[in-house]
Amino acid sequence: MNAQGVFGISSFAAFVAVAALTGCKQELSSGLEVTCPSRQVYVQHVSEVMERRCGTLDCHGSDFRPLRILGRDGLRHQGERKRTGEGVTTDAEKSANYYAVCAVEPEKVSKVGSDPGGNAVNTLLLVRKGRGQEGHKGGKVFDPWDDADRCVVGWLRGDTEQSIEKACKAALAKLP
Amino acid sequence: MRAPTRIASSVARVAGFLVALAALLVACRYDPVIDQKVRKNPPEDPGGPSPEHRAGQACVDCHSTYEGAEPALAIGGTVYSQTAKGYLNGVEGVFVTIQDSAGATYKACTNKAGNFYITKADLQGIDDLAFPLVVNVAGVKMASLIGRERSCAGCHKLASIERIDIDPYLDPATGRARDSAGAIIIDPEFVPSLERCGPPPDPTTSGAGGQGGAAPAGAGGATPTGAGGAGSVASSSTTGAGGGGGSTSSGGGMGAGGGTP
């Protein structure tokens, strides 16, 4: 009786341990591959909209925010000798913005890319926070399907560059 | 002997409970980020608190619900000019115009220290400014929007020893750096007359007391003696310009735009 009880417990523990180990092992060995939508399109069209609307020094242009957006009128790239307001947003800054945005939910962003027509894009934290559907200190920044929203969401879904460019330009023109 | 001891110990227990309760209440409202920022400010000006005090500092860190300094401010800051040698001086008598996302426009006038502010009461029944905000000082528009910060100094951080240590590329004169736009600097020689606002009305000539003088139409307090409007003048008209010459009450009040009172 007693022996069996002990056995029962230890076999359960062993099961948990094995399950946990295989869980880790599987994740490590499955070769997690993450893809993010076009870097070129982000850098060329989307970055500026996010710099202006999200990357001010009091919002995502701060080292103290988990999602950092760099730019001319916000936080500057750590490796470059530039001050806020000087020159233009550099390639390194736009590139850093791309990786920052992709890294918010890398697996989920990959899935959006592989299912462009699906609903997945609407569930991304990036999109939900921007739309104010998720707790966000900056409140609602985009309305679903307004120009700024279509600029960012269009890029995430892999819309044509032409339509993304149009939405991003319209969004910039509307900023006060 | 026994009874007093028991009373003393229960008094002590009640007191202990109250202390614990107070600590809990204080803890709930404690915000280490703001506390630390406020404590890092240089000491109070020798003259004590006034509308001209603490120039360059983040006004609304203190003039907030959290810290409770009066008056409660919706926004505040300091405007400077820079001498050839790099020194900063407060600029008096220029308009700061804030346009919010709901279409309201507020104007405030800088005082002797270059300080300006819009109090919560100046918002006239409107709950709060609608962010983001667009800012214009003496006709110079700020390209960056304000997302949520109420103190200009939140982004326009001045130089400090501590900051230079962290960022060697910081401009020691203005404080401009990787994470700061530096002091707000305008050239007082090139302020359009509509963007000028005057010192407080001289009581011996205007006799208007705290009501402010009548401004020449649309002059916005262009003449140094004529119009009211030192300290803080706010106007919540959507037209913005031309609402000048508003009234002030003892150097910090609110004047409705467009000719009142």
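Right, let's walk through the structure included here. (Residues numbered from 1 in each chain as written. Chains lettered and ligands numbered in written order. Predicted model: local features only at pLDDT ≥ 70, side-chain atom pairs only at ≥ 80, totals over all residues. Heavy atoms only, no water.)

## Quick look at the pattern of salt bridges
Stage number 1. Inspection of every chain in the model, using the stated rule, returns 19 salt bridges over all chains.
Stage number 2. Between A:D149 and A:R131 there is a salt bridge; the shortest N-O distance is 2.8 Å. One end of the pair, A:D149, is in helix α6 (residues 147-157); the other, A:R131, is in the loop between α5 (125-130) and α6, and 18 residues separate them in sequence. The burial state of A:D149 is the same as that of A:R131; both residues are buried.
Stage number 3. Put simply, B:K40 and B:E162 hold a salt bridge, and the shortest N to O gap is 3.9 Å. Taken together, the residues span a long stretch of sequence, with B:K40 in helix α2 (residues 32-40) and B:E162 in helix α4 (residues 161-166) at a distance of 122 residues.
Stage number 4. Three or more residues joined by partner-sharing salt bridges are found here, namely A:D63, A:R68 and B:R178. (Salt bridge = Lys/Arg side-chain N within 4 Å of Asp/Glu carboxyl O. Helix = DSSP H or I, 4+ residues; strand = E, 2+ residues; numbered from the N terminus. Buried < 20%, exposed > 50% of the residue type's maximum accessible area, 1.4 Å probe, protein only.)

## A word on the nonpolar core
Stage number 1. A:V46, A:M50, A:V101, A:W155 and A:L156 are the most contacted members of the largest nonpolar core, which has 29 residues in total.
Stage number 2. Within the residue set of this core, elements represented by two or more residues are α2 (39-54), α3 (91-102), α4 (106-114), α5, α6 and α7 (161-174) of chain A.
Stage number 3. Residues in contact with A:V101, not counting those within four places in the same chain, are A:Y42, A:M50, A:L67, A:I69, A:L126 and A:W155.
Stage number 4. Core analysis: the next-biggest nonpolar cluster, separate from the first, contains 23 residues, B:A108, B:L133, B:V135 and B:A138 among them. (Core = buried A, V, L, I, M, F, W, Y, C linked by side-chain atoms within 4.5 Å. Contact = heavy atoms within 4.5 Å.)

## A look at the interface of chain B and chain A
Stage number 1. Taken together, the contact between chain B and chain A spans 20 residues of the former and 24 residues of the latter.
Stage number 2. Summed over both partners, the interface of chain B with chain A buries about 1900 Å², with 53% contributed by carbon and sulfur atoms.
Stage number 3. Considering only the surface of chain B that becomes buried against chain A, B:R148, B:Y169 and B:R178 emerge as the three largest contributors, covering 43% of it.
Stage number 4. Run the count over chain B and chain A and you get one salt bridge.
Stage number 5. With a shortest N-O distance of 3.0 Å, A:D63 and B:R178 are connected by a salt bridge. (Buried area = accessible area lost by both parts, 1.4 Å probe.)

## Overview of the state of the cysteines
Stage number 1. For the coordinates displayed, the defined rule picks out three disulfides over all chains.
Stage number 2. Each sulfur in the disulfide pair A:C36 and A:C102 lies 1.8 Å from the other. An S-S torsion of about -80 degrees defines the bridge between A:C36 and A:C102 as left-handed. Of this pair, A:C36 sits in the loop between α1 (2-29) and α2 while A:C102 sits in helix α3, and the two are 66 residues apart along the sequence.
Stage number 3. Note that B:C109 is cross-linked by a disulfide to B:C197, the S-S spacing being 2.1 Å. (Disulfide = S-S within 2.5 Å.)

## Points about the sheet that holds strand β3 (residues 95-99) of chain B
Residues and elements named next belong to chain B.
Stage number 1. Pairing is antiparallel in the open sheet, where four strands are placed in the order β4-β3-β6-β7. What marks the edges here is a single partner per strand, and that holds for β4 (105-109) and β7 (140-141).
Stage number 2. Relative to β7, strand β6 (residues 134-137) runs antiparallel, the two being bridged by two bridges. Counted as the bridge partner of V137 is V140 from β7. (Pairing = 2+ DSSP bridges.)

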